[in-house]
Amino acid sequence: MDPALKAARMEIASEVGADVGNFTPPDEKRFTGVEIMLVVGGALLYGFLKGLAKKVGEKVGEKVGEKVGEKIGEPLSTYVGDKIDELAGKDKATQDRLLEEAQNEAKKKIQTAGLTSAQVKETAQTVETQMVITLSAKAPKEISVRIARKVTSAGVGVL
Amino acid sequence: MSDHAVSQAFAALQRLLVVVDPDYGESGWQVAHSFLLLPPDKQSANHWYRGRGSGFIHVDENLNGQYVKELPADVDPASVIDLPPAQYPTVLATMKSLLPKFEDGRRPEFESRLNELTKASSPTHAQEHTRNFQFLAQAALMASQKTLLTYLRKQADFHYQTGMIQGSVTGTEAAAALLIQKLAEAIARASPAADTVFQRLVSTPVISMEQLSAYMVRDCIQNGFSQQAYEVLRAVLSEGNGLVEGAREGLHPVGHPETMLDLYYFGLLGAAPYLRAAMVGYEVAARNPALSDAERKTYATRGNAAEEKLVRVSDAMMFAVKDLDGSQSRVKRAEIQKALATGNEDKAQGLAMEAVDLKLFYPKPFKQVLLEPDAKA
């Protein structure tokens, strides 16, 4: 796995840290360890990269709903949330592979669209805003904002 | 042992007792010592342990511990490990043993704190303390609602600051005083009809401050102040989370990095009552029959997240006691350095993350101390 991708996942997992209880079922007391934290970190990174790829695709005129698994008219925040949940349920090897695929997909789309780094950052901001909406369904706003900010900075770093 | 070292040890033990309450701190202290009495093969991964009071804890192959109320059907009850009774000297006895080591001029201050902590640890303390609180609240309310609010504000300040420092109140009581005061302010602003809630606050028979605060959340919701109650809980949780994040920055006076850890643990201690208040408040709020399923789940999650963070904060207080001589830090650092030396950077990063970000044992700047080969712990 790309070391930068691994580092980004670790960085996000660290940011979630002791706030992980917001993202686990309330009827269970979890004293989560590193392995689970990496799943959470990876899932958030995956949600960001997929969301970014989708947004960049829209910028170059890719029609929403053309790809398998995309729903027409689905808000980006819902899409990002679905992608986070999608990765969280996978085994580690599959997660690693899907993360790399998402990284490559996002890179390729940026390249195809010919986006400048400033434009990438601007698009990333849009995804960050949507991620805040997604995370706020589970965690308090200030925690969602803090984590989404870290996901964005770590995510942009792997592109 | 220098006077400074004795003060540090005394303060660490006091934090352990007041972060939640003396029973909780003492129970954790005894369990930690009991665990060390187990043979090494039973201190390792993949075991089930009987929980404190109720439930079971599973420690998996990655040393993640998970608490469950019921033992899963596929686990042989005979395989569950019971911790042997440690009968280790109590936290209070350990604190008492430190007193002769203080310089003469400073000893009375610590003696006084120990006396207060001993009273706060007595079985009758919670009810007597609450009865006094209610009695004076009733007198204040008889004067006016404004007098009551002034009384509650002073009580919240006392509980959260002087009381916890002196050892005369517990973190749980400070949490309750804060929650009661903030709810009172919010509903008094909203409506003069708040009097019904205030009457119940001063007259409902309860066994503890925590029960009183829980009843007040319930009474607010039942008397048309749901919105105010939820806003107070949101603010209380936000304050607790913010205090934890602030402490984690590891700030210290210029030129005095040696104070970083003490300030860090003190900062975490300050967050604990807010987290406890959020935990209790959201647990009650989640039972409001008027909520939708989604709202109920959100509030239950908030309460659970606050509780989990508080558990980490209180575990950090236990860690601080164990690490007074720096031995725990040296072991952790050696483990991380060993992983780095064998090229296992993922493991090293994971261990550092676990200690700093997940278990909250250290403030953020310590991550580099753990990871850098030539850093000084």
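If you're wondering where the values come from, they're calculated on a predicted model, not measured in any experiment. (Residues numbered from 1 in each chain as written. Chains lettered and ligands numbered in written order. Predicted model: local features only at pLDDT ≥ 70, side-chain atom pairs only at ≥ 80, totals over all residues.)

Asker: Please set out the overall build of chain B residue by residue, giving values where relevant.
Answerer: Regarding its fold elements, chain B presents 15 helices and 3 strands. Rg of the C-alpha trace for chain B: 22 Å, near the compact-globule value of 21 Å for 377 residues, within the 12% margin. Projected onto its principal axes, the C-alpha positions of chain B cover 70 × 60 × 40 Å. In chain B, which comprises 377 residues, the proportion classed as buried is 40%. Of all intrachain contacts in chain B linking residues separated by at least 6 positions in sequence, the fraction that spans at least 24 positions is 68%. (Helix = DSSP H or I, 4+ residues; strand = E, 2+ residues; numbered from the N terminus. Rg over C-alpha atoms; globule rule 2.2 N^0.38 Å. Buried ≥ 20, exposed ≤ 12 C-beta atoms within 10 Å, placed from the backbone. Contact = placed C-beta atoms within 7 Å.)

Asker: An account of the overall build of chain A is needed here, citing residue identities and associated values.
Answerer: Counting its regular elements, chain A contains 6 helices and 1 strand. Helices and strands in chain A line up, N terminus first, as α-β-α-α-α-α-α. When burial is assessed residue by residue, chain A has 51% of its 159 residues classed as buried. Within chain A, residue pairs in contact and separated by at least 24 positions form 82% of the contacts whose partners lie at least 6 positions apart.

Asker: Could you give me a rundown of helix α14 (residues 345-358) of chain B, with the residues and numbers involved?
Answerer: All names here are of chain B. Given a rise of 1.5 Å per residue, 14 residues ought to cover 20 Å, and the 18 Å separating the end C-alpha atoms of α14 matches this to within 8%. Within α14, 11 of the 14 residues are buried, which leaves it mostly tucked inside the rest of the structure. When we look at burial in α14, the residues that qualify are Ala348, Gln349, Gly350, Leu351, Ala352, Met353, Glu354, Ala355, Val356, Asp357 and Leu358. (Expected span 1.5 Å × (residues − 1).)

Asker: Give a description of the confidence of the model for chain A that names residues and reports values.
Answerer: When pLDDT is averaged along chain A, the result is 86; 86% of the residues meet or exceed 70. Looking at the elements of chain A, mean pLDDT is at its lowest for strand β1 (residues 29-31) of chain A, recorded as 59, and at its highest for helix α6 (residues 141-156) of chain A, recorded as 96. (pLDDT = per-residue confidence, 0-100.)

Asker: Run through unusual backbone geometry, naming residues and quoting values.
Answerer: Trans is the common state for peptide bonds, and a negative phi is the common state for residues other than glycine. All names here are of chain B. The residue leucine 360 is not glycine, and still its phi comes out positive at about 60°. Positionally, leucine 360 belongs in the loop between α14 and α15 (366-371). A count of 25 C-beta atoms within 10 Å places leucine 360 in the buried class.

Asker: Break down the environment of alanine 106 of chain A for me, citing the residues and quoting the values.
Answerer: All names here are of chain A. Along the chain, the position of alanine 106 falls in helix α4 (residues 92-113). A residue is classified by how many C-beta atoms lie within 10 Å of it, and alanine 106, with 27 of them, is buried. Distance in space between the C-alpha atoms of alanine 106 and lysine 54 is 8.2 Å, their sequence separation being 52 residues. Leaving out residues up to four positions away in the same chain, alanine 106 has contacts with Leu49, Leu52, Ala53 and Leu159.

Asker: If you had to explain the packing of helix α9 (residues 209-222) of chain B against helix α10 (residues 226-248) of chain B to someone new, which residues and values would you point to?
Answerer: The relative placement of two packed helices comes down to the angle between their axes together with the axis-to-axis distance. Residues and elements named next belong to chain B. Between α9 and α10, the least distance of the axes is 7 Å, while the angle of their chain directions is 140°. Overall, the two elements α9 and α10 adopt an arrangement that is oblique. Mapping the contact onto sequence places Val217, Cys220 and Ile221 in α9 and Ser226, Gln228 and Ala229 in α10. The residue makeup of the contact of α9 with α10, split by class, is 4 nonpolar, 2 polar and no charged. (Axes fitted to C-alpha atoms, helices over the stretch in contact; angles between N-to-C directions. Parallel < 35°, antiparallel > 145°, perpendicular 65-115°, else oblique. Nonpolar A, V, L, I, M, F, W, Y, C, P; charged D, E, K, R; others polar.)

Asker: Before we move on, could you go through the domain arrangement of chain B and cite the residues and values that matter?
Answerer: Where interface size is quoted, it is often the accessible area lost as the parts come together. Residues and elements named next belong to chain B. As assigned here, chain B comprises domain 1 (46-82), domain 2 (124-324) and domain 3 (328-371). Just the C-alpha atoms count here: the centres of domain 2 and domain 3 sit 34 Å apart. In this assembly, 14 residues from domain 2 lie in contact with 8 residues from domain 3. Per element, the largest residue contribution to the side of domain 2 that touches domain 3 is 6 residues, and it comes from helix α12 (residues 293-322). When grouped by side-chain class, the residues that make up the side of domain 2 that touches domain 3 number 7 nonpolar, 1 polar and 6 charged. (Domains from an automatic or database assignment.)

Asker: Before we move on, could you go through the environment of phenylalanine 361 of chain B and cite the residues and values that matter?
Answerer: All names here are of chain B. Tracing the sequence through the fold places phenylalanine 361 in the loop between α14 and α15. A count of 25 C-beta atoms within 10 Å places phenylalanine 361 in the buried class. Along the chain, phenylalanine 361 and glutamate 308 lie 53 residues apart, while their C-alpha atoms are 15 Å from each other. Residues within four places of phenylalanine 361 in sequence aside, it is in contact with Ala316, Phe319, Ala355 and Val356.

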